[in-house]
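Results of the structural survey
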Amino acid sequence: QVQLVESGGGLVQPGGSLRLSCAASGSIFSINAMGWYRQAPGKQRELVALITSGGSTNYADSVKGRFTISRDNAKNTVYLQMNSLNPEDTAVYYCNARILELGGSYSSDYWGQGTQVTVSS
């Protein structure tokens, strides 16, 4: 059993910052890529940022230069530092991780429950 638990969402004014966290727990052998996705009302879920186990990162064009993804492998945790937020960043943010469970033979994708980020004055 593997769980991803997110925290750090909330309401922030335009130009403000938030930091999201996502901790994986359970019967984990290894974690490959970890990432953040978001889904705004009436839109499809989209990739925001991705980080590999080796630390390579990839960002959506819309967040480059404003968001930073990082991870603490010892804590099985991924972070998303979001700066210069604007109303277009308003969405539910979901954590994703590709995890190989103890005793498993292949990795599977796991998702967090989602955390709301609202950017509004």
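Remember, it's a predicted structure, so these values are computed and weren't measured experimentally.

About the thresholds
Every residue gets a number counted from 1 within its own chain, in the order that chain's sequence is written. Given that this is a predicted model, residues contribute local features only at a pLDDT of at least 70 and side-chain atom pairs are listed and counted only at 80 or more, while totals for whole chains, interfaces and linings are drawn from all residues. Neither water nor hydrogens contribute to the side-chain values; these are computed over all heavy atoms in the structure. What counts as a helix is a DSSP run of H or I of at least four residues, what counts as a strand is a run of E of at least two, and both are numbered from the N terminus. The globule rule used for comparison is 2.2 Å times the number of residues to the exponent 0.38, while the radius of gyration itself is calculated over C-alpha atoms. The classification of residues rests on relative accessible area computed with a 1.4 Å probe and restricted to protein chains. Under 20% of the type maximum is buried, over 50% is exposed, and intermediate values are partly exposed. Contacts are assigned to residue pairs that have any heavy atoms within 4.5 Å of one another. To measure how exposed things are, a 1.4 Å probe is used in the Shrake-Rupley method; for residues, cover is taken only from the protein chains shown. For this text, the term disulfide refers to a pair of cysteine sulfurs within 2.5 Å. We define the nonpolar core as a collection of buried residues of types Ala, Val, Leu, Ile, Met, Phe, Trp, Tyr and Cys that are connected through side-chain atoms lying within 4.5 Å of one another. Any two strands with at least two DSSP-identified bridges between them are counted as paired. Note on geometry: axes are C-alpha line fits, over the in-contact stretch for helices, and angles between N-to-C directions span 0 to 180 degrees.

**Side note on the overall build of the protein**
Counting its secondary structure elements, the protein contains 0 helices and 11 strands. From first element to last, N terminus to C terminus, the protein shows the α and β order β-β-β-β-β-β-β-β-β-β-β. Relative to the compact-globule value of 14 Å for 121 residues, the protein shows a C-alpha radius of gyration of 14 Å, a close match. Considered along the principal axes of its C-alpha atoms, the protein spans approximately 50 × 25 × 25 Å. Looking at the protein as a whole, 40% of its 121 residues qualify as buried. Once local pairs closer than 6 in sequence are excluded, the contacts in the protein between residues at least 24 apart make up 56%. Just so you have it, the protein exposes about 6400 Å², and 46% of that area is on carbon and sulfur atoms.

**Focus on the state of the cysteines**
Applying the stated rule across the entire model yields 1 disulfide. In this model, C22 is linked to C95 through a disulfide, with the two sulfur atoms separated by 2.1 Å. One quick way to see it: the torsion about the S-S bond of C22 and C95 is about -80°, and its sign makes the bridge left-handed. One end of the pair, C22, is in strand β3 (residues 18–26); the other, C95, is in strand β9 (residues 91–101), with 73 residues separating them in the sequence. You'll find C22 and C95 in the same group, each marked buried.

**Side note on the nonpolar core**
By size, the foremost hydrophobic cluster in this structure holds 32 residues, and its most contacted members are W36, L80, M82, Y93 and I99. Sorting the residues of this core by element identifies β1 (2–7), β3, β4 (28–39), β5 (46–51), β7 (67–72), β8 (77–82), β9 and β11 (115–119) as the ones contributing at least two each. For this core, the leading source of residues is β9, giving 5 residues.

**Points about the sheet that holds β7**
Taken together, 4 strands build an open sheet; the order of strands is β1-β3-β8-β7 and the sheet is antiparallel. The open sheet has two edge strands, β1 and β7, and neither has a second partner. Strand-to-strand twist in this sheet, taken as the mean axis angle between neighbours without regard to direction, amounts to 15°. In this sheet, β8 lies alongside β3 in antiparallel orientation, the contact comprising 6 bridges. Looking at the pairing, C22 lines up with V78 of β8.

In short, shape yes, function no, at least from these values alone.
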